[in-house]
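Structural overview
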Amino acid sequence: MISQSALQQLNEHSCNGKSAIVTELSAELGESMHSHPVGDIAQYSHIVVGSGFFGLTVAEQLVSKLNTPVLVLEKRNHIGGNAYSEFDSETGIEIHTYGSHLFHTSNEKVWEYVNRFTTFTNYVHRVKTKSKNQIFSMPINLHTINQYLDKSLSPDEARDWVKECSAEITAQPGNLEDKAISLIGRPLYEAFIQGYTQKQWQTDPKQLPEAIISRLPVRYNYDDRYFNDTYEGLPTNGYTAWLVNLANHPKINVVTNVDFFDLKHQVQENQKVIYTGPIDRYFNYSEGVLGWRTLDFKTQTLDIEDFQGTSVMNYADLDIDFTRIHEYKHFHPERTYTPNKTIITHEYSRFASRDDEPYYPINTDSDRVMLTKYRELADKEENVYFGGRLGRYQYLDMHMAISSALGLAEELINDSKS
Ligand code: FAD
Ligand code: UDP
C-alpha cells in the first residue's frame, strides 16, 4: 500500500502543476513503482493501452495471476484516466480533475476487489437542484414533490398526483421526454429535467434515448440518496492513491506521456494488446468519427468557508448556462482544510470535437451503425482486446469498468494457461 509520505509527495507534485506521474513517487514506493523508459517492448507479454481503471485492473490481474511483465502506456502525464484526482496544496482539497467521481456498486466481487487497494469513507452522495431560484432534493423523492407543491402529501397521495400528471403518455415511451413524463408527470419534468437535459445533451429530449433517464430513481419516500447501490463511499486517501496502489507491482511498468500509436509498429505478433483508447481512433476513423459529449470545467478558489453547503448543486433552468457546481470539500468532511477557503467548479457541457476529451458517448442511430462496423473490425484484430469506456464506446461507471476488466483478465489468464 502507498505510504502517507508518498501520498503527500504525490499531492505536492500535483498541486505544483508538475506531472504527478508514478515515476516521481518511486523513491517512496520502492523499486516496484519505478516507471522505466519503454525500452525494448518485446520483453512484455502484454501491452495495456491506457491507465484508467480498466487498464490498471487488467494489468494487476495479469501480473498477480500469471507473474508476467506488463507494460501500461498512458498518453496523459498521469495515471488513472478520468478517475484521477489532485490535492490542492493551498487548501488541502482533493479536486476531481475530470469531474466528480462517486464510487458505488452492488457487485460483491468488485467490492471485495477494490477493498484490496483502498479503504472507503462512509460518504453517501446526495444532490440538490436549483429550479426557479428554489432548492430541491434530487433525485425526485417525496420531499421534492412536497416542496414543489408546497404540500404534505403521503406516499400514496403523491403517487396518485404523479399518475394524474403522467396520464398523457398512453403508448410505450420511445424517447427521454416521454419516458420522463411517464415516470414523473409533466410538471416535475418541466421543472427538473427538461432544461437540465437540454443543457447537458444539447439535444431536444424528444430525440434522446429513454435509457438516459432510467438511470435516475424516483422515490415516493424521503430517501434522498443519489444511488441505490449496496456499497458506496469515497477512497479514504483519494482516487490517485487508490490507482497508484493498483499499479504498484514490480512487474507492471506504467509509462506516461506515451501515445500507443507512436509505438504500435514495434508490437510483435505474439504480444497481446489490451486497448482502452477510442475504438474509432484505433482504425484511423475509417468508418467515421463517433459522437461524444465533452465537459468544460471552470475551477475557482474562493476565500470563504463554504460556498453552497453541499458537494453538488444541479441547475435545472435553461437560462443558466452551466449544469452544476461542484464543491469538493463536502466529499470529505472528515478531512482538515485551510480555514476560509473552498474550491468550486462550474460544469458546462458541449459536443466534443476530435481534440476534446471524450466524456459521454452520444449514441445516435448513426453512431450505432458506425460502432457495429468498428466492432466487426475489432473482432478481426488478432491479439488485440478492446475494453473500457472508450474501447467499447459505452458509458461505464467505475464498478462496471472494473467488473468488465476482471472478466477480460480472466479470459486472458485462461488463454495463457491453455
Ligand atoms: P478512462 O478512465 O478514460 O481511461 C482511459 C485511458 O486511456 C485515459 O487515461 C487515456 O488518456 C488513455 N489513452 C487513450 N488513448 C491512448 C493512447 N493512444 N495511448 C495511450 N493512452 C491512451 N463513474 C462512477 O462510478 N461514478 C461517478 O461518479 C463517475 N463520474 C463520472 C464523471 C464524468 C464526467 C465521467 C466522464 C465519467 C464518470 N464516471 C463515473 C465513469 C468513470 O470515469 C469510468 O468508469 C472510468 O474512467 C473507466 O475507466 P476506463 O479505464 O475505461 O477509461
Ligand atoms: N437529469 C436531469 N436533472 C437532474 C439530474 C439529471 O434532467 O437534476 C437527467 C439528465 O438527462 C442526465 C440524466 O438525468 O443526463 C442522468 O443523470 P446522471 O446524474 O446519472 O447523469 P451524469 O451525472 O452521469 O451526467
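All figures in this text were calculated on a predicted structure; none of them were measured in a lab.

With respect to the overall build of the protein chain
Helix and strand content of the protein chain: 14 helices and 16 strands. Against the compact-globule benchmark of 22 Å for 418 residues, the protein chain has a radius of gyration of 23 Å, which places it among compact chains. With the C-alpha coordinates aligned to their principal axes, the bounding extent of the protein chain is approximately 70 × 55 × 35 Å. A separation of at least 24 residues holds for 73% of the contacts in the protein chain among residues at least 6 apart in sequence. By element, 47% of the accessible surface of the protein chain is carried by carbon and sulfur atoms, the whole surface being about 18,700 Å². Each charge class in the protein chain was averaged separately, 39 positive and 56 negative side chains, and the resulting centres sit 2 Å apart.

Some details on the sheet that holds strand β2 (residues 70–73)
Backbone hydrogen bonds are what pair the strands of a sheet, in a parallel or an antiparallel way. Here we have five strands laid out as an open sheet, ordered β9-β2-β1-β10-β16, and parallel in their pairing. Edge strands, defined here as strands with exactly one partner in the open sheet, are β9 (252–255) and β16 (384–386). Strand-to-strand, the axes of this sheet are offset by a mean angle of 15°, without reference to chain direction. Where strand β1 (residues 46–49) and β2 come together, four bridges link them in parallel fashion. Its bridge partner lying in β2, V48 is registered against V72.

Section: the packing of helix α3 (residues 53–66) against helix α10 (residues 239–247)
Following both chains from N to C, one finds α3 and α10 inclined at 30°, their axes separated by 8 Å at the closest point. One element, α3, and the other, α10, form an angle in the roughly parallel class. Between α3 and α10, the residues in contact are F53, L56, T57 and E60 and Y239, W242, L243, L246 and A247, respectively. Along the lines of polarity and charge, the residues of the contact of α3 with α10 split into seven nonpolar, one polar and one charged.

Some words on the nonpolar core
Ranked by internal contacts, the top residues of the largest apolar core, which has 80 residues, are F53, F103, V114, I145, Y239, W242 and I402. Ranked by the residues each element gives to this core, the list is headed by helix α14 (residues 398–417), at eight residues. Three or more residues apiece are contributed to this core by two domains, here domain 1 (4–123 + 234–285 + 362–417) and domain 2 (127–215). Residues contacting I145, with those up to four places away along its chain left out, are I140, L153, A158, W161, V162, L188 and Y220.

Structural notes on the environment of S137
Position of S137 relative to the elements: it lies in strand β7 (residues 134–138). Taking the relative accessible area as the measure of exposure, S137 reaches 6% and is therefore buried. Once the C-alpha coordinates of S137 and D224 are considered, the two residues, 87 residues apart in sequence, prove to be 6.9 Å apart.

Parameters and conventions
Residues numbered from 1 in each chain as written. Chains lettered and ligands numbered in written order. Predicted model: local features only at pLDDT ≥ 70, side-chain atom pairs only at ≥ 80, totals over all residues. Heavy atoms only, no water. Helix = DSSP H or I, 4+ residues; strand = E, 2+ residues; numbered from the N terminus. Rg over C-alpha atoms; globule rule 2.2 N^0.38 Å. Contact = heavy atoms within 4.5 Å. Areas by Shrake-Rupley, 256 points an atom, 1.4 Å probe, with all protein chains shown as cover. Lys, Arg positive; Asp, Glu negative; His and termini not counted. Charge placed at Lys NZ, Arg CZ, Asp CG, Glu CD. Pairing = 2+ DSSP bridges. Axes fitted to C-alpha atoms, helices over the stretch in contact; angles between N-to-C directions. Parallel < 35°, antiparallel > 145°, perpendicular 65-115°, else oblique. Nonpolar A, V, L, I, M, F, W, Y, C, P; charged D, E, K, R; others polar. Core = buried A, V, L, I, M, F, W, Y, C linked by side-chain atoms within 4.5 Å. Buried < 20%, exposed > 50% of the residue type's maximum accessible area, 1.4 Å probe, protein only. Domains from an automatic or database assignment.

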